[in-house]
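Structural overview for review
Spelled out, the chains give:
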Amino acid sequence: MTSTNALTATAARVKPARPRPHDHLTLEQIDEIGRRFDAIRQRVLDDLGEVDAGYIRGIVKVQRLLEVGGRGALFLGFLPPMWLAGVGALSLSKILDNMEIGHNVMHGQYDWMNDPSLHSSQFEWDTAAPSANWKHGHNFVHHTWTNVIGKDRDIGYGVLRMTDAQRWTPKDLGNPVYAFLLAAFFQWGVALHDLEVERLRSGQTEWEDVEDMARLIRHKAKQQALKDYVAFPLLALPIAPLVLAGNATANLVRNLWAFTIIFCGHFPDGTQLFTQEEIEGESRGSWYVRQMLGSANICGGKLLHILSGNLSHQIEHHLFPDLPARRYADIAPEVQAICDEFGLPYTTGSLGQQFGQVVRRICKLALPWTTDESRTPVPG
Amino acid sequence: MSTLLPTSVVRSILERLAGPHGLDRYLELVDPLLVRGEDRAVVTDVRRETADTTTLTLRPNRWAGHAAGQYVRVSVEIDGRRHARCYSVSSSQHRDDGRLTITVKADPQGLVSPYLARHARPGLVVGLSEADGDFVLPAVRPDRLLLISGGSGITPVGSILRTLADEDADTDVTLLHYAPTADDVAFRDELRELHTRRDNVRVVIVLTRDPAGSDLALTGHLTARHVDAVLDDPTDVPTYVCGPVGLVDGATRLWSDAGLADLLHIERFQPAAPAEVDGDATGTITLTASRRRVANDGRPLLAQIEAAGLSPQAGCRMGICHTCIKPKLVGRVRDVRDGRVSSCDPEDIQICINAPVGDVTLEI
């Protein structure tokens, strides 16, 4: 496991600085960028209404129908086409629930609707991670400290070596294997993420500090496991193993898809990492710039956008985490135009390209002698 | 299945299977009224009473009924947002067809009342609360009763009249109602009918903008002379007053001056108007969970927090539904309804009707 201590210590020892894509920006330009993005945000906020509400309700309806249909089909899972259809529908249901609905609702994107079933304070999602823990680790920690080495724990999830700023140890030879395991069991990785196991191991935190969180995780994980692996199979008693396998497969499909999309968000070529020193005294404008440079989009059609929870617009999401995600596609051209105007990169590519680069990075960083071209941070 | 297992066991199994969202989120795909965790109603009938007043007939999914004079909190989605307002139930408490009515007057400055009064159609689903309020008759009906209403204040009074009619009560009821013109009187025909058909019901309508059309040649707004004209002796007569602030304050003064304040029951109808900004407001609002600080401008906390870009849960915005309750950790707040200032102790407060007095820290 790569501890965050090693990350911070290493950051100071890295090779001499390479030019960063935002080095050329003046303070006035950074302020102007801040004003432009603030204006976009306000414009969207003022425009929220029936269409946005109708959209999320429509997605929720589709998700619930897929769930009921999928589980129903699995009860006829002794017929292979029904088993496949059931797994397909249930996988899509979990993907929609976790990403386009869950992730976005818990960001508060729909709090303005004043509907308790879509309010970030009440929503619970169909995965092992309790929403209360996740909201803290994601909305607060990840979005505040996006791509900051030593602070953003989504850099590798405390398991993977994702940058050469993390000092290589022989354990890292297994990077690709850990990545595959994390992907396959991603819902458990996310659930345990907030326990900060690497900090428990290194003694930075004590068990008492995380006891409450651990209790929440035990409770939620038990509910989910009982539902998917005990209750539904029992209901279909003659074919219980088929239902269990179907539910497990649906969870696996969701895990692999979510891992793929999430890792494409911050690790394709061109995305930047930052040191804590760099971001000291960060202005609103430079916060926007870091969010932009630390994120990458995936180009694709409407279906990709919906199935990825609009994390295909990771850049827009990091600029405006609490705007309803369906709005990201509309404002993306404007965001890209601002990047062009100020000479900043707008990292995007097809799903194959982006994930290919992520896989390549994971494999390269398993070995001690490679360097990651574009993301060596400025020494502190 | 319920012959093999008790319904409660079946329900809890279904809830577990429907986790983590809960069974309601699936039931409402079939019919919004099937939910158990939320009181809802569907509009079944819409009737224009006057140019700006509409009666909506509601069929609730489950509702415990009301005592005549009480109100319900109705929530409706307008342009994607849910808003809640309180409306008096206008139907009789003995209505037995599983329905109730509310009679909504469109406030030109309002948002929800114009929507309900002008755009509600049968099939609209609204949120509905249990009935609340103490503007109610005693269980043993009094021998004599005076009802004074103005404008939309006719709604709880209408419920009282209809209830007494259903009970065939012996109570001698006098209604003194104020409206600008005859066309502005909701339930006009029904009131006339009660006046004519029943010996013990007397309806006196004063038209403030059409003196020629007023009963008993009464003109203008409520005065002692009006009371004398309709009632020979108000002592021992329970009196219920409902309507605009001017009418209610006027009645309160008259009854206090006569030493009869104990007989008066009042219900104020005022629109959910935005509170004035307090010129002397000082201090800072600190929000611990959002890690934000907002300079206090004297308005209620909910308004200031929303102006800062946050969306805490809110409901009726007038201190009734308790949806907006949040922990106050440090500081004092002032209830904008009656001016009472709280203690400094940590406590849960309704942020919609409390404004900061100096520095305040909330867990939001």
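Bear in mind the structure is a predicted one, so any value in this text is a computation, not a measurement. (Residues numbered from 1 in each chain as written. Chains lettered and ligands numbered in written order. Predicted model: local features only at pLDDT ≥ 70, side-chain atom pairs only at ≥ 80, totals over all residues.)

**Section: the overall build of chain B**
Counting its regular elements, chain B contains eight helices and 16 strands. Taking all 364 residues of chain B together, the buried fraction comes to 38%. (Helix = DSSP H or I, 4+ residues; strand = E, 2+ residues; numbered from the N terminus. Buried ≥ 20, exposed ≤ 12 C-beta atoms within 10 Å, placed from the backbone.)

**Details of unusual backbone geometry**
Residue and element names in this part refer to chain B. Of note, the bond from G19 into P20 is cis; its omega dihedral lies within 30 degrees of zero at -5°. Along the chain, P20 turns up in the loop between α1 (7-17) and α2 (24-30). In the Ramachandran plot, F187 falls in the positive-phi region, its phi being about 60° despite a non-glycine side chain. Accessibility expressed as a C-beta count within 10 Å gives 23 for F187, which makes it buried. For D236, which is not a glycine, the phi torsion comes out positive at approximately 70°. Topologically, D236 is positioned in the loop between α6 (224-230) and β10 (239-243).

**Description of the interface of chain A and chain B**
Taken together, the 24 residues of chain A in the interface contact 14 residues of chain B. Elements supplying a minimum of two residues to the side of chain A that touches chain B: α3 (50-74) and α9 (207-235) of chain A. Taken together, the residues of the side of chain A that touches chain B break down into eight nonpolar, seven polar and nine charged. (Contact = placed C-beta atoms within 7 Å. Nonpolar A, V, L, I, M, F, W, Y, C, P; charged D, E, K, R; others polar.)

**Topic: the sheet that holds strand β15 (residues 347-350) of chain B**
All names here are of chain B. Here we have five strands laid out as an open sheet, ordered β13-β12-β16-β14-β15, and mixed in their pairing. At either end of the open sheet lies a strand with only one pairing partner, and these are β13 (292-295) and β15. The average angle at which neighbouring strand axes cross in this sheet is 45°, direction not considered. For strand β12 (residues 284-287) and β13, the ladder comprises four bridges, and the chain directions are antiparallel. Among the inter-strand pairings, L287 is bridged to a residue of β13, identified as R292. (Pairing = 2+ DSSP bridges. Axes fitted to C-alpha atoms, helices over the stretch in contact; angles between N-to-C directions.)

**So, the environment of V72(B)**
All names here are of chain B. By the secondary structure assignment, V72 is in strand β3 (residues 71-78). Judged by the 25 C-beta atoms lying within 10 Å of it, V72 falls in the buried class. Along the backbone, V72 and S129 are 57 residues apart, and their C-alpha atoms lie at a distance of 5.5 Å.

**Observations regarding the domain arrangement of chain B**
Domain assignment breaks chain B into domain 1 (1-30), domain 2 (31-128), domain 3 (144-268) and domain 4 (284-362). On a C-alpha basis, the centres of domain 1 of chain B and domain 3 of chain B stand 50 Å from each other. (Domains from an automatic or database assignment.)

**Some details on the pairing of strand β5 (residues 100-105) of chain B**
Residue and element names in this part refer to chain B. Most of β5 is tucked away: six of the six residues are buried. Where burial is concerned, the two faces of β5 agree: the one with L100, I102 and V104 and the one with T101, T103 and K105 are both buried. By the bridge criterion, six bridges tie strand β2 (residues 53-60) to β5 in an arrangement that is antiparallel. Paired with L58 across the two strands is L100, which belongs to β5.

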